[in-house]
Amino acid sequence: MEEGSDYYVVRKGNTVAVYKNLSDCQAQVSSSVLDAAVSVYKGRAWSKETEGYLSSHGLKNPLYTIDASELNKDLFGALIPCSFQDVVGSSSGSNTDFKRKTPVSGFVNNFKDMALCILNFDGGAKGNPGKGGAGALLKTEDGRVICRLSEGLGVVTNNVAEYKALLLGLRYALIKGFKRIDVRGDSMLVVMQVQGKWKLKHKDMIELCKKVNEIKKSFTYFNIQHVRREFNSDADHQANLAIDLRDGQVSEVLGDGC
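Just so it is clear, the structure is predicted and the values come from calculations on it, not from any experiment. (Residues numbered from 1 in each chain as written. Predicted model: local features only at pLDDT ≥ 70, side-chain atom pairs only at ≥ 80, totals over all residues. Heavy atoms only, no water.)

Looking at this structure, how should I read the sheet that holds strand β8 (residues 145–156)?
Either a parallel or an antiparallel arrangement is found when strands of a sheet pair, and the pairing is made through backbone hydrogen bonds. Overall, mixed pairing links the six strands, which are arranged β10-β9-β6-β7-β8-β11 in an open sheet. Among the strands making up the open sheet, the edge pair consists of β10 (221–226) and β11 (250–254). Neighbour to neighbour, the strand axes of the sheet diverge by 15 degrees on average, direction disregarded. Two elements, β8 and β11, share five bridges in a ladder whose sense is antiparallel. Bridging from a neighbouring strand, Arg 148 pairs with Val 253 of β11. Each of β6 (116–127), β7 (130–140), β8, β9 (180–185), β10 and β11 touches helix α5 (residues 158–175); the most contacted strand, β6, lies at about 150 degrees to it. (Pairing = 2+ DSSP bridges. Helix = DSSP H or I, 4+ residues; strand = E, 2+ residues; numbered from the N terminus. Axes fitted to C-alpha atoms, helices over the stretch in contact; angles between N-to-C directions. Contact = heavy atoms within 4.5 Å.)

Encoded structure:
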């Protein structure tokens, strides 16, 4: 790219597109103005290292596309947020005066703010109560595994193990930087209580549900739904592995979506 040349970075879902000129950017954005998942940034004169990185990921002149998970704070320089009006309403020869610049670290974090994490959870005990384990699986919206989690619980009931598994998954989703989450579990009791549709009677359930409701506040989007056991087998497997762990011990196995 020539010294001083502008470029445009468009995020749509988990895909990042980089355009070398405004007209190509306009063609993409103008068809997606009402899509809340689209954001546009303007940059100026990326480095040779950035050029090499993008080329290695399959350059298609004038468009580059990379996955949001591959972004890092050093890839681009300072980026300038553009409104849709700035991009769609401008001509290719315009020179809009943007004054507010955003560090790329903030730009990268915005992807996690918008990305949806899928959480499957399951818990169980050998005996009720008995030695128990909590299992959780975190995935990206397109199905890539972020991590597999198992936690030893000591002696617990099945319902306590289910709640502990949910809390385990929620904590790690926040650690990974996600703000939007879709939760799935095969415990009708936990799902209905968290949704507020079933009454809480047992003191353990009251305290655990309270903890879930507190951590929910850290998410900008939270949804929980019941699924049949056969659609929750991965989380069930993690819960079974967890039974062999000591109380409080957590095992995390990273996937390709981390």
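Whenever I open this one, helix α7 (residues 203–216) confuses me. Can you help?
An α-helical turn contains 3.6 residues, so a residue and the one three or four places further along point in the same direction. Given a rise of 1.5 Å per residue, 14 residues ought to cover 20 Å, and the 20 Å separating the end C-alpha atoms of α7 matches this to within 8%. Every buried residue of α7 is accounted for by Met 205, Leu 208, Cys 209, Val 212 and Ile 215. What you see down the axis of α7 is that its buried residues fit within an arc of 120 degrees, all on one side. Exposed side chains of α7 directed beyond 90 degrees from the buried face belong to Lys 203 and Lys 210. (Expected span 1.5 Å × (residues − 1). Buried < 20%, exposed > 50% of the residue type's maximum accessible area, 1.4 Å probe, protein only. Arc of directions from axis to C-beta.)

Note that every value here comes from positions in space, so none of it alone points to a role or purpose.
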